[in-house]
Amino acid sequence: MQPLNYTPAHHAALKFSGGRDLLSIESLSRGHIHETFISSWSMQGETCRMLHQRMNDQIFRDIPALMHNIKRVTEQLRLDTWRARDHELEVLELVATNEGEAWAVLPDGAWRTYIFVDDTVTYDHCQGIEQAYGAAVAFGNFQARLFDLDARELSETIPFFFSSTHRLRQFQAALRADAKDRARTVRPEIEFVLKYAHLLEIVETGQAQGRIPVRVIHGDTKLNNVLFDQTSGAARCIVDLDTCMPGWSLYDFGDLARFAAADSAEDERDLTQVGVNQEVLGALNTGWMDSAGAFLNADELELMPLAAAIVTLTVGVRFLTDHLAGDEYFKIKRENQNLDRARVQFEMVRIMERNRAASNSAR
Ligand code: GN1
Ligand code: MG
(Lines give C-alpha, C1' and ligand atoms only; values in the text may rest on other atoms or scores of the structure.)
(Ligands and ions follow the chains in the order given, each with its own letter.)
Protein backbone atom coordinates (compact mmCIF):
# COMPACT_ATOMS: atom_id res chain seq x y z
CA MET A 1 0.00 0.00 0.00
CA GLN A 2 1.18 3.50 -0.75
CA PRO A 3 1.66 5.78 2.28
CA LEU A 4 -1.20 8.20 2.91
CA ASN A 5 1.06 11.21 2.69
CA TYR A 6 1.89 10.52 -0.95
CA THR A 7 1.59 13.68 -3.02
CA PRO A 8 0.45 13.87 -6.67
CA ALA A 9 4.16 13.95 -7.58
CA HIS A 10 4.73 10.61 -5.83
CA HIS A 11 1.85 9.10 -7.73
CA ALA A 12 3.15 10.48 -10.98
CA ALA A 13 6.71 9.28 -10.39
CA LEU A 14 5.47 5.76 -9.73
CA LYS A 15 4.01 5.64 -13.24
CA PHE A 16 7.63 5.64 -14.47
CA SER A 17 9.03 3.27 -11.84
CA GLY A 18 10.08 0.47 -14.20
CA GLY A 19 10.39 -1.92 -11.25
CA ARG A 20 12.60 0.42 -9.17
CA ASP A 21 11.86 1.42 -5.56
CA LEU A 22 11.13 5.08 -4.96
CA LEU A 23 13.41 6.46 -2.23
CA SER A 24 12.48 10.14 -2.27
CA ILE A 25 11.05 12.92 -4.37
CA GLU A 26 11.38 16.65 -3.99
CA SER A 27 10.29 19.70 -5.87
CA LEU A 28 12.81 21.74 -7.87
CA SER A 29 12.16 25.40 -8.43
CA ARG A 30 13.02 25.81 -12.08
CA GLY A 31 11.49 27.61 -15.07
CA HIS A 32 8.43 29.80 -15.38
CA ILE A 33 6.09 27.21 -16.91
CA HIS A 34 6.01 23.62 -15.63
CA GLU A 35 6.32 22.08 -12.18
CA THR A 36 9.46 20.03 -11.77
CA PHE A 37 10.46 17.29 -9.29
CA ILE A 38 13.52 15.12 -8.77
CA SER A 39 13.26 11.58 -7.51
CA SER A 40 15.75 8.98 -6.29
CA TRP A 41 15.29 5.28 -6.90
CA SER A 42 17.00 2.03 -6.09
CA MET A 43 17.10 -1.19 -8.00
CA GLN A 44 19.27 -4.16 -7.09
CA GLY A 45 21.59 -2.04 -4.98
CA GLU A 46 22.04 0.66 -7.66
CA THR A 47 20.54 4.11 -7.23
CA CYS A 48 19.48 6.52 -9.94
CA ARG A 49 17.64 9.81 -10.24
CA MET A 50 14.86 11.01 -12.51
CA LEU A 51 13.31 14.36 -13.31
CA HIS A 52 9.53 14.62 -13.53
CA GLN A 53 7.45 17.44 -14.89
CA ARG A 54 3.79 18.17 -14.68
CA MET A 55 3.37 19.88 -18.01
CA ASN A 56 1.48 23.13 -18.15
CA ASP A 57 -1.38 22.26 -20.47
CA GLN A 58 -2.79 25.77 -20.32
CA ILE A 59 0.31 26.93 -22.16
CA PHE A 60 1.04 23.76 -24.15
CA ARG A 61 -2.49 22.92 -25.19
CA ASP A 62 -1.50 20.03 -27.40
CA ILE A 63 0.54 17.70 -25.18
CA PRO A 64 0.72 14.91 -27.82
CA ALA A 65 2.24 17.40 -30.29
CA LEU A 66 4.68 18.67 -27.65
CA MET A 67 5.83 15.14 -26.85
CA HIS A 68 6.02 14.23 -30.53
CA ASN A 69 8.44 17.13 -31.06
CA ILE A 70 10.60 16.08 -28.14
CA LYS A 71 10.76 12.46 -29.26
CA ARG A 72 11.57 13.44 -32.84
CA VAL A 73 14.22 15.96 -31.81
CA THR A 74 16.00 13.64 -29.37
CA GLU A 75 15.98 10.91 -32.02
CA GLN A 76 17.59 13.27 -34.54
CA LEU A 77 20.13 14.57 -32.03
CA ARG A 78 21.28 10.98 -31.51
CA LEU A 79 21.75 10.48 -35.25
CA ASP A 80 23.89 13.61 -35.62
CA THR A 81 23.86 13.45 -39.41
CA TRP A 82 25.56 16.82 -39.61
CA ARG A 83 28.46 15.59 -37.43
CA ALA A 84 28.62 18.69 -35.31
CA ARG A 85 32.28 19.44 -35.01
CA ASP A 86 34.37 18.29 -32.02
CA HIS A 87 31.44 18.03 -29.77
CA GLU A 88 30.20 15.34 -27.45
CA LEU A 89 26.78 16.58 -26.42
CA GLU A 90 24.77 14.10 -24.40
CA VAL A 91 21.16 13.81 -25.48
CA LEU A 92 18.34 14.11 -23.00
CA GLU A 93 16.61 10.77 -22.47
CA LEU A 94 12.87 10.36 -21.96
CA VAL A 95 11.69 7.60 -19.64
CA ALA A 96 8.58 5.74 -20.82
CA THR A 97 5.72 4.95 -18.46
CA ASN A 98 5.28 1.44 -17.15
CA GLU A 99 2.83 1.00 -20.02
CA GLY A 100 5.40 2.16 -22.57
CA GLU A 101 3.91 5.60 -23.21
CA ALA A 102 5.92 8.81 -23.57
CA TRP A 103 3.87 10.54 -20.87
CA ALA A 104 1.31 9.73 -18.19
CA VAL A 105 -2.10 11.25 -17.72
CA LEU A 106 -3.05 11.62 -14.05
CA PRO A 107 -5.99 13.36 -12.38
CA ASP A 108 -3.85 16.48 -11.85
CA GLY A 109 -2.44 16.63 -15.37
CA ALA A 110 0.03 15.20 -17.86
CA TRP A 111 3.44 14.09 -16.58
CA ARG A 112 6.68 13.20 -18.31
CA THR A 113 10.01 11.97 -17.03
CA TYR A 114 13.65 12.28 -18.04
CA ILE A 115 16.74 10.50 -16.76
CA PHE A 116 18.42 13.00 -14.46
CA VAL A 117 21.85 13.92 -15.80
CA ASP A 118 24.15 13.44 -12.80
CA ASP A 119 27.25 15.41 -11.81
CA THR A 120 26.29 18.55 -13.68
CA VAL A 121 25.58 22.13 -12.64
CA THR A 122 23.60 24.98 -14.13
CA TYR A 123 24.21 28.69 -13.88
CA ASP A 124 21.79 31.58 -13.78
CA HIS A 125 24.71 33.97 -14.19
CA CYS A 126 27.48 33.49 -16.67
CA GLN A 127 30.78 32.79 -14.93
CA GLY A 128 33.06 34.16 -17.62
CA ILE A 129 34.01 34.14 -21.26
CA GLU A 130 35.11 30.52 -21.35
CA GLN A 131 31.71 29.39 -20.13
CA ALA A 132 29.96 31.77 -22.53
CA TYR A 133 31.94 30.34 -25.42
CA GLY A 134 31.14 26.77 -24.31
CA ALA A 135 27.42 27.49 -24.05
CA ALA A 136 27.32 29.15 -27.48
CA VAL A 137 29.15 26.24 -29.10
CA ALA A 138 26.76 23.82 -27.39
CA PHE A 139 23.65 25.60 -28.65
CA GLY A 140 25.18 26.18 -32.08
CA ASN A 141 26.00 22.49 -32.35
CA PHE A 142 22.54 21.62 -31.12
CA GLN A 143 21.11 23.50 -34.11
CA ALA A 144 23.69 21.98 -36.42
CA ARG A 145 22.67 18.48 -35.36
CA LEU A 146 19.09 19.35 -36.25
CA PHE A 147 20.01 20.87 -39.59
CA ASP A 148 18.83 17.80 -41.51
CA LEU A 149 15.52 17.55 -39.68
CA ASP A 150 12.77 18.98 -41.85
CA ALA A 151 11.08 21.67 -39.73
CA ARG A 152 7.73 20.55 -41.15
CA GLU A 153 8.03 17.33 -39.17
CA LEU A 154 7.56 19.34 -35.99
CA SER A 155 4.42 21.07 -34.76
CA GLU A 156 4.32 24.65 -33.68
CA THR A 157 3.12 23.71 -30.21
CA ILE A 158 2.38 27.30 -29.24
CA PRO A 159 1.04 29.09 -32.31
CA PHE A 160 3.20 32.05 -33.41
CA PHE A 161 5.46 31.44 -30.43
CA PHE A 162 8.55 33.11 -31.91
CA SER A 163 6.74 35.75 -33.94
CA SER A 164 7.77 39.15 -32.63
CA THR A 165 5.03 40.86 -34.63
CA HIS A 166 2.48 38.53 -33.06
CA ARG A 167 3.91 39.44 -29.62
CA LEU A 168 3.41 43.09 -30.50
CA ARG A 169 -0.21 42.44 -31.48
CA GLN A 170 -0.79 40.55 -28.23
CA PHE A 171 0.68 43.51 -26.37
CA GLN A 172 -1.62 45.94 -28.19
CA ALA A 173 -4.63 43.76 -27.38
CA ALA A 174 -3.68 43.56 -23.70
CA LEU A 175 -3.21 47.31 -23.66
CA ARG A 176 -6.64 47.90 -25.15
CA ALA A 177 -8.27 45.49 -22.70
CA ASP A 178 -6.23 46.79 -19.76
CA ALA A 179 -7.88 44.10 -17.62
CA LYS A 180 -6.19 45.13 -14.37
CA ASP A 181 -6.17 48.88 -14.95
CA ARG A 182 -2.40 48.86 -14.96
CA ALA A 183 -1.72 50.70 -18.23
CA ARG A 184 -1.70 54.11 -16.56
CA THR A 185 1.07 52.95 -14.22
CA VAL A 186 3.39 51.75 -17.01
CA ARG A 187 3.35 54.63 -19.50
CA PRO A 188 7.16 54.83 -19.95
CA GLU A 189 7.32 51.09 -20.69
CA ILE A 190 4.50 51.37 -23.22
CA GLU A 191 6.28 54.27 -24.93
CA PHE A 192 9.46 52.23 -25.03
CA VAL A 193 7.78 49.39 -26.89
CA LEU A 194 6.30 51.77 -29.44
CA LYS A 195 9.61 53.54 -29.94
CA TYR A 196 11.51 50.33 -30.69
CA ALA A 197 8.68 48.41 -32.41
CA HIS A 198 10.51 48.53 -35.76
CA LEU A 199 12.98 45.96 -34.39
CA LEU A 200 10.16 43.46 -34.08
CA GLU A 201 9.52 43.28 -37.82
CA ILE A 202 13.01 42.72 -39.14
CA VAL A 203 13.28 38.93 -39.07
CA GLU A 204 9.78 38.23 -40.33
CA THR A 205 10.23 40.70 -43.15
CA GLY A 206 13.44 38.85 -44.01
CA GLN A 207 11.55 35.57 -44.06
CA ALA A 208 8.77 37.00 -46.24
CA GLN A 209 11.43 38.15 -48.70
CA GLY A 210 12.92 34.65 -48.76
CA ARG A 211 16.18 35.74 -47.13
CA ILE A 212 15.80 34.29 -43.63
CA PRO A 213 15.10 30.53 -43.56
CA VAL A 214 12.97 28.63 -41.08
CA ARG A 215 15.06 26.05 -39.23
CA VAL A 216 14.57 23.77 -36.25
CA ILE A 217 15.72 25.76 -33.25
CA HIS A 218 15.93 25.18 -29.51
CA GLY A 219 13.71 28.13 -28.70
CA ASP A 220 14.76 28.80 -25.10
CA THR A 221 18.53 29.18 -25.05
CA LYS A 222 18.88 30.46 -21.54
CA LEU A 223 22.26 29.69 -20.01
CA ASN A 224 20.56 27.59 -17.33
CA ASN A 225 19.30 25.24 -20.03
CA VAL A 226 22.88 24.01 -20.48
CA LEU A 227 24.10 21.38 -18.05
CA PHE A 228 27.82 21.84 -17.39
CA ASP A 229 30.03 19.05 -16.09
CA GLN A 230 30.65 19.54 -12.37
CA THR A 231 34.33 18.65 -12.66
CA SER A 232 35.52 19.80 -16.08
CA GLY A 233 33.10 22.70 -16.56
CA ALA A 234 32.42 21.57 -20.14
CA ALA A 235 28.90 21.86 -21.57
CA ARG A 236 27.45 18.35 -21.47
CA CYS A 237 23.77 18.44 -22.24
CA ILE A 238 21.12 20.84 -23.46
CA VAL A 239 17.78 20.61 -21.66
CA ASP A 240 14.28 22.08 -21.94
CA LEU A 241 13.26 20.92 -25.38
CA ASP A 242 9.70 22.25 -25.07
CA THR A 243 10.09 24.96 -27.66
CA CYS A 244 12.19 22.99 -30.14
CA MET A 245 10.22 23.79 -33.23
CA PRO A 246 10.34 25.69 -36.49
CA GLY A 247 11.89 29.13 -35.95
CA TRP A 248 14.75 31.40 -36.89
CA SER A 249 18.32 30.52 -36.00
CA LEU A 250 18.97 34.12 -35.02
CA TYR A 251 16.47 33.82 -32.19
CA ASP A 252 18.51 31.16 -30.44
CA PHE A 253 21.60 33.32 -30.60
CA GLY A 254 19.64 36.41 -29.52
CA ASP A 255 18.05 34.69 -26.53
CA LEU A 256 21.37 33.27 -25.43
CA ALA A 257 22.89 36.76 -25.57
CA ARG A 258 19.89 38.24 -23.74
CA PHE A 259 20.40 35.89 -20.83
CA ALA A 260 24.11 35.04 -20.69
CA ALA A 261 25.45 38.55 -21.32
CA ALA A 262 23.14 40.12 -18.73
CA ASP A 263 24.88 41.63 -15.73
CA SER A 264 21.77 41.39 -13.59
CA ALA A 265 19.05 38.88 -12.84
CA GLU A 266 16.15 38.75 -15.29
CA ASP A 267 13.86 40.36 -12.68
CA GLU A 268 16.30 42.79 -11.02
CA ARG A 269 14.46 45.71 -9.41
CA ASP A 270 17.41 48.08 -9.32
CA LEU A 271 17.91 49.10 -12.94
CA THR A 272 21.35 50.53 -12.19
CA GLN A 273 22.48 46.89 -11.89
CA VAL A 274 21.38 46.10 -15.43
CA GLY A 275 24.13 45.84 -18.01
CA VAL A 276 25.35 43.93 -21.04
CA ASN A 277 28.75 42.34 -20.66
CA GLN A 278 30.61 43.07 -23.88
CA GLU A 279 33.31 40.46 -23.35
CA VAL A 280 30.72 37.77 -22.76
CA LEU A 281 28.82 38.93 -25.82
CA GLY A 282 32.01 38.67 -27.87
CA ALA A 283 32.65 35.13 -26.63
CA LEU A 284 29.07 34.12 -27.41
CA ASN A 285 29.48 35.48 -30.88
CA THR A 286 32.71 33.56 -31.45
CA GLY A 287 31.20 30.35 -30.09
CA TRP A 288 28.14 30.71 -32.28
CA MET A 289 30.23 31.34 -35.38
CA ASP A 290 32.49 28.36 -34.57
CA SER A 291 29.44 26.08 -34.53
CA ALA A 292 26.34 27.44 -36.30
CA GLY A 293 28.53 29.63 -38.51
CA ALA A 294 29.00 26.60 -40.74
CA PHE A 295 25.41 26.72 -42.03
CA LEU A 296 24.16 30.29 -41.59
CA ASN A 297 23.46 32.19 -44.79
CA ALA A 298 24.69 35.70 -45.61
CA ASP A 299 21.43 37.38 -44.52
CA GLU A 300 21.45 35.62 -41.18
CA LEU A 301 25.06 36.61 -40.64
CA GLU A 302 24.27 40.21 -41.45
CA LEU A 303 21.49 40.30 -38.84
CA MET A 304 23.58 38.70 -36.07
CA PRO A 305 24.44 42.07 -34.46
CA LEU A 306 20.72 42.81 -34.10
CA ALA A 307 19.59 39.41 -32.86
CA ALA A 308 20.12 40.09 -29.16
CA ALA A 309 18.14 43.34 -29.19
CA ILE A 310 15.31 41.80 -31.22
CA VAL A 311 14.86 38.84 -28.90
CA THR A 312 15.39 40.84 -25.72
CA LEU A 313 12.72 43.30 -26.81
CA THR A 314 10.37 40.47 -27.80
CA VAL A 315 10.72 38.79 -24.41
CA GLY A 316 10.30 42.16 -22.68
CA VAL A 317 7.09 42.76 -24.62
CA ARG A 318 5.83 39.34 -23.51
CA PHE A 319 6.55 40.16 -19.85
CA LEU A 320 4.85 43.56 -20.11
CA THR A 321 1.85 42.02 -21.88
CA ASP A 322 1.51 39.49 -19.08
CA HIS A 323 1.77 42.22 -16.47
CA LEU A 324 -1.05 44.12 -18.20
CA ALA A 325 -3.15 40.97 -18.49
CA GLY A 326 -2.77 40.13 -14.78
CA ASP A 327 0.15 37.67 -14.73
CA GLU A 328 -1.59 34.78 -16.36
CA TYR A 329 1.32 33.28 -18.24
CA PHE A 330 4.66 33.60 -16.44
CA LYS A 331 4.66 32.36 -12.85
CA ILE A 332 5.32 35.15 -10.36
CA LYS A 333 6.50 34.96 -6.77
CA ARG A 334 5.94 38.61 -5.94
CA GLU A 335 3.92 41.61 -7.06
CA ASN A 336 5.11 43.37 -10.23
CA GLN A 337 7.64 40.67 -11.01
CA ASN A 338 6.65 40.57 -14.67
CA LEU A 339 6.89 44.35 -14.84
CA ASP A 340 10.39 44.18 -13.33
CA ARG A 341 11.30 41.50 -15.86
CA ALA A 342 10.05 43.72 -18.68
CA ARG A 343 11.96 46.74 -17.37
CA VAL A 344 15.22 44.78 -17.24
CA GLN A 345 14.75 43.61 -20.84
CA PHE A 346 14.01 47.16 -22.01
CA GLU A 347 17.03 48.57 -20.22
CA MET A 348 19.17 45.93 -21.92
CA VAL A 349 17.72 46.82 -25.32
CA ARG A 350 18.54 50.46 -24.65
CA ILE A 351 22.14 49.52 -23.86
CA MET A 352 22.45 47.13 -26.83
CA GLU A 353 21.13 49.71 -29.25
CA ARG A 354 23.41 52.40 -27.83
CA ASN A 355 26.41 50.11 -28.22
CA ARG A 356 25.42 49.19 -31.75
CA ALA A 357 25.06 52.84 -32.75
CA ALA A 358 28.46 53.58 -31.21
CA SER A 359 30.17 50.72 -33.04
CA ASN A 360 28.49 51.69 -36.32
CA SER A 361 29.67 55.28 -36.04
CA ALA A 362 33.19 54.12 -35.13
CA ARG A 363 33.43 52.31 -38.47
C1 GN1 B 1 9.91 30.81 -20.27
O2 GN1 B 1 9.95 28.54 -18.23
P3 GN1 B 1 11.20 28.88 -18.91
O4 GN1 B 1 12.07 29.70 -18.01
O5 GN1 B 1 11.90 27.70 -19.49
C6 GN1 B 1 9.37 30.92 -21.70
C7 GN1 B 1 10.44 31.45 -22.64
C8 GN1 B 1 10.94 32.80 -22.13
C9 GN1 B 1 11.45 32.62 -20.71
C10 GN1 B 1 11.86 33.95 -20.12
C11 GN1 B 1 7.23 28.17 -23.11
O12 GN1 B 1 10.87 29.81 -20.21
O13 GN1 B 1 9.91 31.62 -23.93
O14 GN1 B 1 11.96 33.31 -22.95
O15 GN1 B 1 10.45 32.04 -19.85
N16 GN1 B 1 8.88 29.64 -22.16
C17 GN1 B 1 7.65 29.53 -22.70
O18 GN1 B 1 12.64 33.74 -18.99
O19 GN1 B 1 6.90 30.49 -22.85
MG1 MG C 1 11.77 26.89 -21.29
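So, how was this worked out
Residues numbered from 1 in each chain as written. Chains lettered and ligands numbered in written order. Predicted model: local features only at pLDDT ≥ 70, side-chain atom pairs only at ≥ 80, totals over all residues. Heavy atoms only, no water. Donors = N, O, S within 2.8 Å, 3.2 Å for Na, K, Ca; no water. Helix = DSSP H or I, 4+ residues; strand = E, 2+ residues; numbered from the N terminus. Buried < 20%, exposed > 50% of the residue type's maximum accessible area, 1.4 Å probe, protein only. Pairing = 2+ DSSP bridges. Contact = heavy atoms within 4.5 Å. Axes fitted to C-alpha atoms, helices over the stretch in contact; angles between N-to-C directions. Domains from an automatic or database assignment. Buried area = accessible area lost by both parts, 1.4 Å probe. Salt bridge = Lys/Arg side-chain N within 4 Å of Asp/Glu carboxyl O. Polar contact = N/O pair within 3.5 Å; in protein donor to acceptor, adjacent residues only side chain to side chain. Near = heavy atom within 4 Å. Areas by Shrake-Rupley, 256 points an atom, 1.4 Å probe, with all protein chains shown as cover.

Caption draft 1: Main features of the coordination of the magnesium ion (ligand 2). With distances of 1.9 to 2.0 Å, the protein atoms coordinating the magnesium ion (ligand 2) are Asp220 (OD) and Asp240 (OD). Pair noted here: aspartate 220 is in the loop between strand E8 (215–217) and strand E9 (226–229) and aspartate 240 is in the loop between strand E10 (235–238) and strand E11 (245–247), with a separation of 20 residues, a long-range link. Residue classification places aspartate 220 among the buried residues on the basis of a relative accessible area of 18%. A residue is classified by how much of its surface remains accessible, and aspartate 240, at 22% relative accessible area, is partly exposed.

Caption draft 2: Fine view of the sheet that holds strand E7 (residues 120–121). Spatial strand order, E7-E9-E10: three strands in an open sheet with antiparallel pairing. Of all strands in the sheet, those bounded by a partner on one side alone are E7 and E10. Strand direction decides the pairing type here: E7 and E9, joined by two bridges, are antiparallel. Bridging from a neighbouring strand, valine 121 pairs with phenylalanine 228 of E9. Running over the sheet, helix H3 (residues 129–145) touches E9 and E10 and is turned about 45 degrees from E10.

Caption draft 3: Molecular detail of the domain arrangement of the protein chain. As far as domains go, the protein chain holds domain 1 (4–116) and domain 2 (129–362). One C-alpha centre belongs to domain 1, the other to domain 2; they are set 26 Å apart. Facing the 30 residues of domain 1 at the interface are 39 residues of domain 2. In this assembly, domain 1 packs against domain 2 so that about 3,300 Å² is buried in total across both faces, 57% of it on carbon and sulfur atoms. Our enumeration of links across domain 1 and domain 2 arrives at three salt bridges. Here glutamate 153 and arginine 72 are joined by a salt bridge, their closest N and O atoms 2.6 Å apart. Scanning the region where domain 1 abuts domain 2 turns up eleven residue pairs in polar contact (both at pLDDT 80 or more). Among the elements that take part in the side of domain 1 that touches domain 2, helix H2 (residues 63–79) stands out by supplying ten residues, more than any other.

Caption draft 4: Main features of the site of ligand 1. Residues in close proximity to ligand 1 total 15 residues, the closest being His32, Asp220, Lys222, Glu266 and Tyr329. Between ligand 1 and the protein, one listed contact pairs an oxygen atom with a side-chain N or O atom of aspartate 240 at 3.0 Å. Residue arginine 318 places a side-chain N or O atom 2.8 Å away from an oxygen atom belonging to ligand 1. Burial of ligand 1 by the protein amounts to 95% of the accessible area it has alone, namely 450 Å².

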